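Close look at the chain arrangement
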Amino acid sequence: MFVDQARIYVKGGDGGNGIVAYRREKYVPLGGPAGGDGGRGGDVILIVDEGLRTLIDFRYQRHFKADRGENGGNKNRHGRSADDLVVKVPPGTVVYDDDSGEFLGDLVHHGQRLRVARGGRGGRGNTRFATPGNPAPEIAEKGEPGEERWLRLELKVLADVGLIGFPSVGKSTLLSVVSAARPKIGDYPFTTLTPELGVVQTPDGRSFVMADLPGLIEGAHEGKGLGHEFLRHVERTRVLVHVIDMAAVEGRDPVRDYAVINEQLQAYNERLAARPQLVAANKMDLPQAQEHLEAFRKAYPSQPVFPISGATRIGLDALLTAIADVLDEQRENEDVAEAFAKDGEPEARVTERKVYRYEPSQPFRIRREGHVFIVESEELDKLVRMTNFSQYDAVKRFQRILKHRGVDDALRERGAKEGDVIRIADMEFDFVE
């Protein structure tokens with residue numbers, strides 16, 4: 001089964017906890033703190049595996065959680081950091097944050113990696129908190145929570161050539177006779193519901209990957225028919241082969257069919273309409289095909305047209321050779337552009353540069369719900385989760401940080417009084433003067 005969209009949950013491993021420990025050596029009275037730090041949690045990393053062709057595995061497993069770090073030990077021994085969790089995806093996978101819609105990465109090449117959830121750092125042991133005023137602190141941090149998010153994965157097939165056209169024009173038949181692929185073939189619309197790939201070899205020994213893509217209909221750019229599911233895959237191809245039923249078996253007009261398909265490409269993405277395109281005038285073995293071919297050439301005199309018949313294999317060698325020639329030209333242009341980008345004159349290069357400007361972020365925000373004051377801050381949320389409230393020194397440190405950050409004063413300005421409830425993350429506290 002071909003699956004080209006998936007939604008998965010990923011979570012980096014939590015950091016290991018730091019511990020409270022002291023030296024317990026013979027003849028060493030009043031031994032100092034010796035609590036080690038926790039280990040770092042594992043990251044979740046997507047990696048491209050060229051052996052995969054679909055996202056179907058994510059239908060059966062949608063949650064991926066990396067291991068947490070090991071807790072610290074006594075004698076200042078640090079906990080072991082967890083291994084990263086590696087998740088394999090097929091080439092052509094595009095990754096988005098499902099909640100924000102943020103683009104995270106486009107994974108194309110074998111072995112390419114993308115970290116999608118960072119593991120939390122390990123909590124510090126009490127050795128880290130020793131000061132001249134408090135040489136034996138009773139305080140240690142919990143591990144930092146790992147990053148978590150929902151991802152949206154979209155697969156865009158990687159092919160040199162894409163077959164486009166209305167349903168039932170012979171795209172699947174063409175792919176089946178020029179390659180070893182065996183797409184489903186039928187005499188009804190939308191026989192092909194998912195992309196099919198095949199390796200094609202030309203008479204002179206060149207080869208390329210061809211994709212039979214689901215048929216388009218009018219309004220596809222708005223999602224009608226298989227619209228967006230089809231057009232997403234077209235974006236990857238270098239060359240488009242527009243297959244047209246020149247015999248007009250179903251009563252369509254080949255001239256209009258060509259115009260409609262290109263209008264859909266233009267409306268979806270202007271770059272698609274500018275992609276090199278060849279026309280395969282299919283079903284030339286049927287009556288009236290020659291008459292329609294002459295009318296088509298008059299309507300589009302500059303468009304390369306190759307009369308073929310998928311059923312009888314007429315004209316296929318000429319079409320495949322022409323496709324290979326265009327691909328060679330495309331690759332040559334890409335190589336020249338890449339070389340120019342490296343060695344060309346600096347003023348001639350056109351690059352996109354991101355400009356970063358400092359924008360002071362609001363450290364926290366307070367909103368009120370009845371007698372409950374809710375303090376919203378990612379930094380303070382993390383502080384709550386890393387604080388061990390069963391330790392007296394940890395509680396005092398937490399209170400000092402809130403006071404230093406101005407949270408106490410801000411709560412008073414918002415009207416907080418003795419006994420009101422203050423909520424930070426999932427913890428609630430009583431406001432005490």
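Residues numbered from 1 in each chain as written. Predicted model: local features only at pLDDT ≥ 70, side-chain atom pairs only at ≥ 80, totals over all residues. Heavy atoms only, no water.

Considering the pattern of salt bridges
Inspection of every chain in the model, using the stated rule, returns 25 salt bridges. For Asp-97, the salt bridge goes to Arg-149, with nearest N and O atoms at 3.2 Å. Residue Asp-97 is found in strand E5 (residues 93-97), and its partner Arg-149 is found in strand E8 (residues 148-155); the two are separated by 52 residues along the sequence. You can call Asp-97 buried: its relative accessible area is 8%. When salt bridges that share partners are traced, they join Arg-7, Asp-98, Arg-152 and Glu-154 into one network. (Salt bridge = Lys/Arg side-chain N within 4 Å of Asp/Glu carboxyl O. Helix = DSSP H or I, 4+ residues; strand = E, 2+ residues; numbered from the N terminus. Buried < 20%, exposed > 50% of the residue type's maximum accessible area, 1.4 Å probe, protein only.)

Comments concerning the sheet that holds strand E10 (residues 196-201)
Neighbouring strands of a sheet are bound in pairs by backbone hydrogen bonds; such pairs are parallel or else antiparallel. Here six strands make up an open sheet; going across it, the order is E10-E11-E9-E12-E13-E14 and the pairing mixed. Each edge of the open sheet is held by one strand with a lone partner, namely E10 and strand E14 (305-307). For this sheet the average axis-to-axis angle between neighbouring strands, irrespective of direction, equals 25°. In this sheet, strand E11 (residues 207-212) lies alongside strand E9 (residues 161-164) in parallel orientation, the contact comprising three bridges. Paired with Leu-163 across the strands is Asp-212, a residue of E11. In this fold helix H5 (residues 289-299) packs onto strand E12 (239-245), strand E13 (277-282) and E14, with an angle of close to 175° to the strand it touches most, E14. (Pairing = 2+ DSSP bridges. Axes fitted to C-alpha atoms, helices over the stretch in contact; angles between N-to-C directions. Contact = heavy atoms within 4.5 Å.)

Brief notes about the sheet that holds strand E15 (residues 365-369)
Strand order across the open sheet formed by four strands is E15-E16-E17-E18, with mixed pairing between neighbours. If you trace the sheet from one side to the other, it starts and ends with E15 and strand E18 (427-430), each paired once. In this sheet, neighbouring strand axes are inclined to one another by 25° on average, regardless of whether the strands run parallel or antiparallel. Sheet analysis places E15 next to strand E16 (residues 372-376), joined by five bridges and oriented antiparallel. Pairing of Arg-367 across the sheet is with Ile-374, part of E16. The strands that helix H7 (residues 378-386) touches are E16, strand E17 (421-424) and E18; relative to E17, the one it contacts most, it runs at about 95°.

Digging into the environment of Ile-244
As for its position among the elements, Ile-244 is in strand E12. Taking C-alpha positions, Ile-244 is 8.8 Å from Ile-164, a pair spaced 80 residues apart along the chain. In this structure, Ile-244 is in contact with Pro-254, Tyr-258, Val-279, Ala-280, Ala-281, Asn-282 and Phe-296, ignoring residues within four places of it in sequence.

Things to note about the nonpolar core
Within the largest apolar cluster, 36 residues are counted, with the highest numbers of intra-cluster contacts made by Leu-174, Val-178, Phe-208, Met-210 and Ile-323. With eight residues, helix H6 (residues 316-343) is the single largest residue contributor to this core. Once residues within four sequence positions are removed from consideration, Met-210 is found in contact with Val-161, Leu-163, Leu-175, Val-178, Glu-196, Leu-197, Gly-198, Val-200, Leu-320 and Ile-323. Ile-8, Val-48, Ala-66 and Val-87 belong to the second-largest nonpolar core, a separate cluster that totals 20 residues. (Core = buried A, V, L, I, M, F, W, Y, C linked by side-chain atoms within 4.5 Å.)

As for the side chain of Lys-11
Tracing the backbone through its elements, the reader meets Lys-11 in strand E1 (residues 5-11). A distance of 2.6 Å separates a polar atom in the side chain of Lys-11 from a polar atom in the side chain of Asp-14. Once you skip the residues sitting within four places of it in the chain, Lys-11 turns out to touch Val-44, Phe-64, Lys-65, Ala-66, Ala-117, Gly-146, Glu-147 and Glu-148. (Polar contact = N/O pair within 3.5 Å; in protein donor to acceptor, adjacent residues only side chain to side chain.)

Some thoughts on the packing of H7 against helix H8 (residues 392-405)
The geometry of a pair of packed helices is captured by two quantities: the angle between their axes and the separation between those axes. As a packed pair, H7 and H8 sit with axes 11 Å apart at the nearest point and diverge in direction by 170°. The pairing of H7 with H8 is recorded here as roughly antiparallel in orientation. Counting all contacts with H7, which are made through Glu-379, Leu-380, Leu-383 and Val-384, the residues of H8 involved are Arg-397, Phe-398, Ile-401, Leu-402 and Arg-405. (Parallel < 35°, antiparallel > 145°, perpendicular 65-115°, else oblique.)

None of the figures reported here should be taken as evidence of function without further support.
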